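If you want the building blocks of each chain, they are given just below.
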Amino acid sequence: MSFELGVYTFGNTPRTAQGDSGGYGPTAQAIREALEAVHLAEEVGLDFFGFGEHHTASMPLSSPTSMVVAAAASTQRIKLGTTVTVLSTDDPVRVFQQLATASALAPGRVEAVAGRGSSSITFPLFDYDEGDYDLLYASKFEMLLALNANERLTWDGPHRKRPLTDALIVPRPEQPLRIWLGTGGSPSSVGRAVELGVPMFLGILGGTPQHWAQYGHAYRNAWAEIGHPTQDAGIAVAVHGFVGTDNAAAKATYLDHELKMFATGAAEVGRPGMAPSGREAAMEPGGMVFAGSPDEVTDRILHLHQLLGHDRQILQMDVGGMPHADYLKSIELLGTEVLPQVRKELGQ
């Protein structure tokens, strides 16, 4: 599998005319702008665009499968997926059916990343008990895999009150969806991905390339020990990042908006508004925020790939009410300047 580069979003609601001290504009505009970003990403040659799931005013992309369907109907080449679907509080049957619908519109281009989620906000929203966090995710993830493999399904997992018996699940994708296990890097999740024989999608906010390489090595070593087909293994990473023409200015711009995102996002889910420490250092070589000029971002991606050997890297760039024009320019630079350099260095 060739290395793939792309973008992901949770939606980025624009600020009002009052500026940063004001409120947010229409959340509907954030949805429209996310779809505009997909079209540009395809135009500049990027490989993948992902839609994450949040339920806040600043990041209102609450239905990633709906966005995948919309993008599938309006693009021709780019791969599309959820990054991630919060499966613990969603219905695996509906998730599969919606993604299968998208796949009918974009055959071979639709994927799913299913995770447990990074906040508890969806549990009361969808009337689930947060104490069932692990049970819900494990049961629903296994059901999602079974749905992908079987047109008719009999299922009696612990998350259901009543079993399914020979239920017809349609529509069917013309080839099975690629389903990734999304994780923030817990060792148990690495083991679960290997046990189930699925690719691993790492959502990364901090740490170092060397730290994350350990997860890749553990995954691949365990995969080989079990004897899964080598070609079915896969590692993708989702990171924060931003590309600008000037290295220092790009870092400063992204840091400003990222800190706003952390403060606002924490307040929206009732947590203290504190950013992770050391964000300035995380934007330098040795960190895991990929912000800077095209040359620096290229070098950082290649360095991580040398250590981790991952198959795909996607960047969240539209954070903290960042102006949409700045976001689109960053996508353009990622596709027209970073991607060609990465491909050349990797011999693709």
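Caption draft 1: Representation of helix 6 (residues 187–196) in the model. Every buried residue belonging to helix 6 is among Ser189, Val190, Ala193 and Val194, and all of these are buried. Along helix 6, the residues classed as buried sweep out an arc of 140° about the axis, all on the same side. Opposite the buried face of helix 6, at more than 90 degrees from it, the exposed residues are Pro187, Ser188 and Glu195. Summarising the contacts, the buried residues of helix 6 are in contact with strand 7 (178–183), strand 8 (200–203) and helix 7 (209–226). Following helix 6 by one or two positions, Gly197 has its phi on the positive side, about 70°.

Caption draft 2: Here's a closer look at the pattern of salt bridges. Summed over the entire model, instances satisfying the criterion amount to 13 salt bridges. Here Glu4 and Lys79 are joined by a salt bridge, their closest N and O atoms 2.7 Å apart. Of this pair, Glu4 sits in strand 1 (residues 4–9) while Lys79 sits in strand 3 (residues 79–86); the two residues are 75 residues apart in sequence, bridging distant segments of the chain. Using a relative accessible area of 9% as the deciding quantity, one classes Glu4 as buried.

Caption draft 3: How the structure looks around unusual backbone geometry. A cis geometry characterises the amide bond from Thr83 onward to Val84, with omega recorded as 10°. Here Val84 is to be found in strand 3. Going from Val170 to Pro171, the amide bond is cis rather than trans, its omega being 0°.

Caption draft 4: Structural view of the packing of helix 1 (residues 27–43) against helix 11 (residues 324–345). Two elements in contact, helix 1 and helix 11, have axes separated by 9 Å at closest approach and are oriented at 25°. Overall, the two elements helix 1 and helix 11 adopt an arrangement that is roughly parallel. Here helix 1 and helix 11 pass one another in a crossing that is right-handed. Contact residues: helix 1 offers Glu33, Glu36, Ala37, Leu40 and Ala41, while helix 11 offers His324, Tyr327, Leu328, Ile331 and Glu332. By residue class, the composition of the contact of helix 1 with helix 11 is six nonpolar, one polar and three charged.

About the cut-offs
- Residues numbered from 1 in each chain as written.
- Predicted model: local features only at pLDDT ≥ 70, side-chain atom pairs only at ≥ 80, totals over all residues.
- Heavy atoms only, no water.
- Buried < 20%, exposed > 50% of the residue type's maximum accessible area, 1.4 Å probe, protein only.
- Helix = DSSP H or I, 4+ residues; strand = E, 2+ residues; numbered from the N terminus.
- Arc of directions from axis to C-beta.
- Contact = heavy atoms within 4.5 Å.
- Salt bridge = Lys/Arg side-chain N within 4 Å of Asp/Glu carboxyl O.
- Axes fitted to C-alpha atoms, helices over the stretch in contact; angles between N-to-C directions.
- Parallel < 35°, antiparallel > 145°, perpendicular 65-115°, else oblique.
- Left-handed = near helix turned anticlockwise from the far one by under 90°.
- Nonpolar A, V, L, I, M, F, W, Y, C, P; charged D, E, K, R; others polar.

On their own, these measurements won't tell you what the molecule is for.
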